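Examining the three-dimensional arrangement
Next come the chains, spelled out residue by residue.
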Amino acid sequence: QVQLVESGGGLVQAGESLRLSCTAHARTFSRYAMGWFRQAQGKEREFVAAVSGSGVNTAHADSVKGRFTISRDNANHTLYLQMNTLKPEDTAVYYCAARTVNYYSGVYTRVPSYGYWGQGTQITVSS
């Protein structure tokens, strides 16, 4: 069982950067594979990035590859999404998600893989 709290959202101009954080209130953070998803108005929730429990393995959606980087600090129970060169198309509500795992190497890219979700944080990128 884990509670996820996101922070770092806001309004930025195209080309700027943001760093999202997701603090996980869990006894052992490494037991959770983590992911970032986003949902634009009128669109389905889509995969952005994911990281294994160990932090070693990652995956990024093609739309953000090379611009966004997922990472985690297991000592501080925090998940990050570094978002560089933001585009108006990145405007969405961003959610962090957690999945319990028995092994620490798995990376999950589908919404149904995750059982725990944060409240979401709005990212708006103006042109």
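Since this is a predicted model, take the numbers as computed values, not measurements. Counting restarts for each chain, with residues numbered from 1 along the sequence as it is written. Confidence filtering applies because this is a predicted model: local features only for residues at pLDDT of at least 70, side-chain atom pairs given and counted only at 80 or more, and all residues used for totals across whole chains, interfaces and linings. Note that water and hydrogens are dropped before the side-chain values are worked out from all heavy atoms of the structure.

Points about the environment of Val 48
- Structurally, Val 48 can be placed in strand 5 (residues 46-51).
- Once the C-alpha coordinates of Val 48 and Ala 59 are considered, the two residues, 11 residues apart in sequence, prove to be 8.4 Å apart.
- It only takes one pair of heavy atoms within 4.5 Å for two residues to be counted as in contact. Beyond its immediate chain neighbours, meaning those up to four positions away, Val 48 contacts Trp 36, Phe 37, Arg 38, Ala 59, His 60, Ala 61, Val 64, Phe 68, Leu 81 and Tyr 94. Every helix listed is a DSSP run of H or I at least four residues long, and every strand listed is a run of E at least two residues long, numbered separately from the N terminus.

Quick word on the pattern of salt bridges
- For this analysis, a salt bridge means a side-chain nitrogen from Lys or Arg found within 4 Å of a carboxyl oxygen belonging to Asp or Glu. Tallied over the full model, the rule gives four salt bridges.
- Salt-bridge contacts for Glu 46 lead to Arg 38; the nearest nitrogen and oxygen are separated by 2.7 Å.
- Classification of residues uses two cut-offs on accessible area relative to the type maximum, computed with a 1.4 Å probe and protein chains only: under 20% is buried, over 50% is exposed, and between them is partly exposed. For Arg 38, a relative accessible area of 5% translates into the label buried.
- Between Asp 62 and Lys 65 there is a salt bridge whose closest N-O contact spans 3.2 Å.

Side note on unusual backbone geometry
- If you check the backbone angles, His 77 has positive phi at about 55 degrees while not being a glycine.
- Residue position: His 77 is located in the loop between strand 7 (68-73) and strand 8 (78-83).
- Positive phi, normally seen in glycine, also occurs at Thr 85, with a value near 50 degrees.
- Tracing the backbone shows Thr 85 in the loop between strand 8 and strand 9 (92-100).

Topic: the sheet that holds strand 8
- Two strands pair under a simple rule: DSSP has to find at least two bridges between them. Strands sit in the order 1-3-8-7 across an open sheet of four strands; the sheet is antiparallel. This sheet does not close on itself; its edge strands, each paired only once, are strand 1 (3-7) and strand 7. Neighbour to neighbour, the strand axes of the sheet diverge by 15 degrees on average, direction disregarded.
- As paired elements, strand 3 (residues 18-25) and strand 8 share six bridges and run antiparallel to each other. Counted as the bridge partner of Arg 19 is Gln 82 from strand 8. Here an angle of 0 to 180 degrees is reported between the N-to-C directions of two axes, which are lines fitted to C-alpha atoms, with helices fitted over the stretch in contact.

So, the packing of aromatic side chains
- Two aromatic rings, drawn from Phe, Tyr or Trp (for Trp, its six-membered ring), form a pair once their centres lie within 6.5 Å of each other, and the interplanar angle then sorts them: stacked below 30 degrees, edge-to-face above 60, tilted otherwise. Enumeration according to the criterion identifies five aromatic pairs in this entry.
- For the pair Tyr 32 and Tyr 116, a centre-to-centre distance of 6.2 Å together with 85 degrees between the ring planes defines the contact as edge-to-face. Taken as a pair, Tyr 32 in strand 4 (residues 32-39) and Tyr 116 in strand 10 (residues 116-117) lie far apart in primary sequence, 84 residues in all.
- Where Phe 37 meets Tyr 114, the ring centres are 5.3 Å apart and the plane angle is 75 degrees; that geometry is what we call edge-to-face. Of this pair, Phe 37 sits in strand 4 while Tyr 114 sits in the loop between strand 9 and strand 10, and the two are 77 residues apart along the sequence.
- Through a chain of ring-to-ring contacts, the aromatic side chains of Phe 37, Phe 47, Tyr 114 and Trp 117 assemble into a single cluster.
- A ring is considered to have a charge above it if a Lys NZ or an Arg CZ atom is located within 6 Å of its centre and within 35 degrees of its normal. Between Arg 99 and the ring centre of Tyr 108, over which it is positioned, the NZ or CZ distance is 4.1 Å.

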